[in-house]
Amino acid sequence: MLGLLLARAGVDVTVLEKHGDFLRDFRGDTVHPSTLTLLDELGLLDTFDDLPHRDVEQLSLEVSGQQVVGVRLADIPGPHKRIALAPQWDFLTLLSERAARYPTFRLLMNSPAYDLIGEDGAVRGVRYRDADGEHELRAVLTVAADGRRSTLREAAGLVPVQLGAPMDVLWLRLPRVESDPQGLAGRIGRTGMAVGIDRGDYWQIGYLVRKGGHEELRRRGLGPLRDDLAELLPFLGDRIAELDWDRVAFLEVGLDRLPRWSVPGLLCIGDAAHTMSPIGGVGINLALQDAVAAANQLADPLYRAQADPDRFARTLNPALLDRVRRRRELPTRGTQLFQRTVQRQLVERALNGEVALPPAVSRLLSDGAWSRVAGRVVGASLGRMLMYGLRPEHVRTPERAPARAGRS
């Protein structure tokens, strides 16, 4: 997304992709209204809607059969009333194909960056590998968007603060039939916690396990996992018998953030700056918000810099890069605070076999008109935060011709 926005604004940009394709299964693919808004602003929403996807219009969380959260996206203020579940490889292909229309965009596949180029106390580009060997790619600005185990972040000596997560997740698929529930539903019961994501003809299911408990679960065999899923998601019925380990993928959950996102010449965004837990499915959407904020702050200075890149690199003000962190810190911290609260109040209790609701939630759900109104207000507010974010970004960068011929 950042590469597209910068190239669209006339800036020379090269994106290095580690793999030869985008086909990574179980990558985040919950495209929230905040991202649909960005696609709309870029004129890409109709093209996106032509991709294979499933629209989700309601979210729910049940604890021992009692609904704790019920959100109808139609009740949330904003232009888009749905979550679009689209394979991330299709989404990334859409962005890269649109970016390729601009002469200043270049995408190098099978080209993992493995180190930074440092000169005079600043980052001046990256070293990367491809089928022809090792190369240097010099740049006035390097952006690390290489995930929660960022190689470039480590090379820069930036160390995230670990906020902790009590769980990991097993992702699995099982068939869906028309008589099943619709939407996205979380269930907490005596046997733990699971989330079912309606993908049309199949369920994408996240089953929570205690941190470090994955190998023990595998040693116990499929029987206990099938039994737990049968209690948590009883509508699956006999389809649970189809489950085997080939349908199960492991996700190590993390929650962290960098105290600072940049050093001279380098900026971290997305998971490289702040790893989010799967709660709320917000990770990909926050990362895209980072990309838009970075483009809004940096496109004009980078465009002007192309007239004299050496001078710009020598005088790049670290405060310019830090504006991106300051812009995105509130939504990052606020969302992580929400995730940590859910972890403490619901996830940890579920993993401990506690199915009783926290007292505050129980009072909110008690009988009475006031509690029903309060529940709807809380649900709408929570939905708005998760769907659009605490500080939604909008595309402010222009579409313009390159500043000059050639590539820096």
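Keep in mind it's a predicted model, so treat the numbers as computed, not measured.

Novice: Pulling in residues and values, what's your account of the overall build of the protein?
Specialist: A tally of helices and strands in the protein yields 12 helices and 21 strands. Out of the 408 residues belonging to the protein, those deemed buried represent 50%. Residue pairs at least 24 apart in sequence account for 76% of intrachain contacts in the protein once pairs closer than 6 positions are excluded. Of the roughly 18700 Å² of accessible surface on the protein, 49% is carried by carbon and sulfur atoms.

Novice: Any chance you could break down the nonpolar core for me, citing the residues and the numbers?
Specialist: Nonpolar side chains in soluble globular proteins generally cluster together in the buried interior. Residues Met1, Leu4, Phe48 and Leu298 are the most contacted members of the largest nonpolar core, which totals 58 residues. Considering every element that reaches this core, the biggest residue donor is helix 8 (residues 283-305), with nine residues. Those residues in contact with Met1 that sit more than four places away from it in its chain are Leu42, Leu95, Leu288, Ala291 and Val292. If you look at the next biggest cluster of nonpolar residues, it comprises 34 residues, including Val56, Val169, Ile197 and Ala350.

Novice: Tell me about the sheet that holds strand 9 (residues 122-130), residues and numbers included.
Specialist: For sheets, the rule is that strands pair by backbone hydrogen bonds, running either parallel or antiparallel. Here three strands make up an open sheet; going across it, the order is 8-9-10 and the pairing antiparallel. The open sheet terminates on both sides in strands that have one partner only, identified here as strand 8 (113-119) and strand 10 (133-138). Going from strand to strand, the sheet's axes swing by 30° on average, the running direction of each strand aside. Judged from the six bridges that link them, strand 9 and strand 10 form a sheet pairing that is antiparallel.

Novice: So what's going on with unusual backbone geometry? Which residues, and what values?
Specialist: Positive phi outside glycine occurs at Asn110, with the angle close to 50°. For Asn110, a relative accessible area of 46% gives the class partly exposed. Residues other than glycine seldom take positive phi values, yet Asp120 does so here, at roughly 55°. Residue position: Asp120 is located in the loop between strand 8 and strand 9. Taking the relative accessible area as the measure of exposure, Asp120 reaches 78% and is therefore exposed.

Novice: Summarise the pattern of salt bridges; cite the residues concerned and give the values.
Specialist: Under the criterion given, the structure shown has 26 salt bridges. Between Arg82 and Asp49 there is a salt bridge, and its shortest N-O distance comes to 3.0 Å. Pair noted here: Arg82 is in the loop between strand 5 (66-72) and strand 6 (83-85) and Asp49 is in helix 3 (residues 45-49), with a separation of 33 residues, a long-range link. Arg325 is paired through a salt bridge with Glu329; the nearest N and O atoms lie 2.4 Å apart. Residue Arg325 and its partner Glu329 are located together in helix 10 (residues 318-351), separated by four residues, close to a single helical turn. There is no split in this pair, since Arg325 and Glu329 are both buried. In this structure, a network of salt bridges that share partners links the residues Asp322, Arg325, Arg326, Glu329 and Arg333.

Novice: Residue-level account of empty space enclosed by the protein, with values.
Specialist: Counting across every chain of the model gives three cavities of 30 Å³ or more. Taken together, His32, Ser34, Val282, Asn285, Leu286, Gln289, Thr335, Met385, Leu386, Tyr388 and Gly389 form the lining of the largest cavity. Put simply, the parts of the chain that give the lining of the largest cavity at least two residues each are helix 8 and helix 12 (369-388). Of the residues that constitute the lining of the largest cavity, the class distribution is five nonpolar, six polar and no charged.

Novice: Would you mind going over helix 10 in detail, with residue names and values included?
Specialist: At Arg328, helix 10 shows its strongest bend, of approximately 45°, with the proline Pro331 following within four residues. One or two positions beyond helix 10, positive phi appears at Gly353, with a value near 80°.

Novice: Explain a negative patch on the surface residue by residue, including any values.
Specialist: Together, Asp40, Glu41, Asp46 and Asp50 give the surface a local cluster of negative charge. Mapping Asp40 onto the fold places it in helix 2 (residues 33-41).

Novice: Before we move on, can you summarise the confidence of the model for the protein with the specific residues and values?
Specialist: Summing up the model confidence of the protein, the mean pLDDT is 89 and the portion of residues at 70 or higher is 90%. Predicted confidence for residues 365-371 stays below pLDDT 50, and this span has seven contacts to residues more than four positions away or in other chains.

Novice: Now, about the sheet that holds strand 21 (residues 274-275): what can you tell me, with residues and values included?
Specialist: Reading across the sheet, the three strands line up as 12-18-21 and stay open at both edges, with antiparallel pairing between neighbours. With one partner strand each, in any of the chains shown, strand 12 (161-162) and strand 21 form the two edges of the open sheet.

Novice: Let's hear about the pairing of strand 5: which residues, and what values?
Specialist: Looking at chain direction, strand 4 (residues 58-63) and strand 5 are connected through six bridges and run antiparallel. Bridging across to strand 5, Ser60 finds its partner in Gly70. What sits between strand 4 and strand 5 in their antiparallel hairpin is a turn of two residues, with Ser64 showing a positive phi close to 50°.

Novice: Go over the side chain of His274, please, and point to the residues and values.
Specialist: When you line up the elements, His274 lands in strand 21. For His274, a relative accessible area of 0% corresponds to the buried category. At a separation of 2.5 Å, a polar atom in the side chain of His274 contacts the side chain of Asp290. With near-sequence residues (within four places) excluded, His274 lies in contact with Asp256, Arg257, Trp261, Leu286, Asp290, Thr332 and Gln336.

Novice: Account for the packing of aromatic side chains, with residues named and values stated.
Specialist: In this description, a pair of aromatic rings is defined by centroid distance and the angle of the planes. Applying the stated criterion to the full structure yields two aromatic pairs. Measuring from ring centre to ring centre gives 5.9 Å for Phe48 and Phe91, while their planes differ by 90°; the resulting arrangement is edge-to-face. Linking Phe48 in helix 3 with Phe91 in helix 4 (residues 88-99), this pair joins segments that are 43 residues apart in sequence. The exposure classification of Phe48 matches that of Phe91, with both residues buried. Ring centres 5.0 Å apart and planes at 45° place the aromatic pair Trp203 and Phe235 in the tilted group. On the criterion of sequence distance, the pair formed by Trp203 in strand 16 (residues 202-210) and Phe235 in the loop between helix 7 (222-232) and strand 17 (248-251) is long-range, its members being 32 residues apart. Across from the ring centre of Tyr388, 4.3 Å away, lies the NZ or CZ of Arg384, which sits over that ring. For Arg400, the ring lying beneath its charged end belongs to Tyr303, and the centroid distance is 3.8 Å.

Rules used in this analysis
Residues numbered from 1 in each chain as written. Predicted model: local features only at pLDDT ≥ 70, side-chain atom pairs only at ≥ 80, totals over all residues. Heavy atoms only, no water. Helix = DSSP H or I, 4+ residues; strand = E, 2+ residues; numbered from the N terminus. Buried < 20%, exposed > 50% of the residue type's maximum accessible area, 1.4 Å probe, protein only. Contact = heavy atoms within 4.5 Å. Areas by Shrake-Rupley, 256 points an atom, 1.4 Å probe, with all protein chains shown as cover. Core = buried A, V, L, I, M, F, W, Y, C linked by side-chain atoms within 4.5 Å. Pairing = 2+ DSSP bridges. Axes fitted to C-alpha atoms, helices over the stretch in contact; angles between N-to-C directions. Salt bridge = Lys/Arg side-chain N within 4 Å of Asp/Glu carboxyl O. 1 Å grid on protein atoms, 1.4 Å probe; cavity = no way out; pocket = protein on both sides within 12 Å on 5 of 7 lines; lining within 4 Å. Points joined across faces, edges and corners; volume = space filled by probe spheres on them. Nonpolar A, V, L, I, M, F, W, Y, C, P; charged D, E, K, R; others polar. Bend = angle between axes of the 7 residues up to and from the residue. Patch = residues over 30% accessible without salt bridge, like charges linked within 9 Å, V, L, I, M, F, W, Y side chains within 5 Å. Lys, Arg positive; Asp, Glu negative; His and termini not counted. Charge placed at Lys NZ, Arg CZ, Asp CG, Glu CD. pLDDT = per-residue confidence, 0-100. Polar contact = N/O pair within 3.5 Å; in protein donor to acceptor, adjacent residues only side chain to side chain. Phe/Tyr/Trp six-rings, centres within 6.5 Å; stacked < 30°, edge-to-face > 60°. Lys NZ or Arg CZ within 6 Å of the ring centre and 35° of its normal.

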